[in-house]
Amino acid sequence: MSHFSTVKTKLVNRECLVQALQDLKLNPQVHEEAQPLKGYYGGSQGQSAEIIVSGRTIKARADIGFKWNQSSGVYEIIHDSYETVPKLGKDFFSNKLMLAYGQRMVRAKAAELQERFGECAIAESTTGTVQTLRLTFAGHQEVKQFARR
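Note that this is a predicted model, so its numbers are computed, not measured. (Residues numbered from 1 in each chain as written. Predicted model: local features only at pLDDT ≥ 70, side-chain atom pairs only at ≥ 80, totals over all residues. Heavy atoms only, no water.)

Participant: Outline the environment of S2, listing residues and values.
Facilitator: Within the secondary structure, S2 sits in the segment before β1 (5-8). Sequence-wise, S2 and E83 are 81 residues apart; in three dimensions their C-alpha atoms are separated by 7.9 Å. Among residues more than four places away in sequence, those in contact with S2 are Y40, Y41, Q45, D80 and Y82. (Helix = DSSP H or I, 4+ residues; strand = E, 2+ residues; numbered from the N terminus. Contact = heavy atoms within 4.5 Å.)

Here you go:
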């Protein structure tokens with residue numbers, strides 16, 4: 001039977017979450033106020049979210065929602081696994097989305113640190129299922145020369 005399920009996450013940064021969804025070609029719709037989700041049978045089943053991926057994006061009948069939980073300070077994923085698992089895969093949220101989100105968080109932190117430490121280069125490498133992002137900062141050093149007299 002098709003129904004919405006809520007999954008707790010560690011997603012806290014709205015901008016990085018939206019960018020990660022865009023990186024995965026999911027075209028999220030972002031709202032200031034939570035909007036009703038469309039379920040498999042057309043109704044929202046009382047579910048709403050601030051960030052919505054339309055079911056049409058993945059050729060499904062139910063939307064995927066990311067709802068801000070004020071008390072825990074994280075986004076919760078609201079989805080219908082009957083729809084999302086066949087279209088996105090069983091480990092989409094725990095693997096692909098978290099990887100894309102992690103990359104966006106690292107890049108955001110690198111941009112923040114760049115202001116303090118100078119230009120930053122990011123090198124990516126992948127070994128099997130492990131992806132590594134290496135940050136290299138070109139620290140600006142002031143060199144003074146003194147002439148002996």
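Participant: Break down the packing of helix α1 (residues 14-23) against helix α3 (residues 92-117) for me, citing the residues and quoting the values.
Facilitator: Contact geometry for α1 and α3: axes closest at 8 Å, N-to-C directions at 125°. The angle between α1 and α3 places the two elements in the oblique class. Here α1 and α3 pass one another in a crossing that is right-handed. Listed contacts from α3 to C16, L17, Q19, A20, L21 and D23 of α1 are L97, A100, Y101, R104, M105 and A108. Looking at side-chain class alone, the contact of α1 with α3 contains nine nonpolar, one polar and two charged residues. (Axes fitted to C-alpha atoms, helices over the stretch in contact; angles between N-to-C directions. Parallel < 35°, antiparallel > 145°, perpendicular 65-115°, else oblique. Left-handed = near helix turned anticlockwise from the far one by under 90°. Nonpolar A, V, L, I, M, F, W, Y, C, P; charged D, E, K, R; others polar.)

Participant: Describe unusual backbone geometry, and please don't skip the residues or the numbers.
Facilitator: Phi is mostly negative for residues that are not glycine, and the peptide bonds are mostly trans. The phi dihedral of N27 falls on the positive side, at around 45°, and the residue is not glycine. Along the polypeptide, N27 turns up in the loop between α1 and β2 (29-36). Given the relative accessible area of 53%, N27 is considered exposed. One non-glycine residue, K59, adopts positive backbone phi at about 60°. With respect to the helices and strands, K59 occurs in the loop between β3 (48-53) and β4 (64-69). (Buried < 20%, exposed > 50% of the residue type's maximum accessible area, 1.4 Å probe, protein only.)

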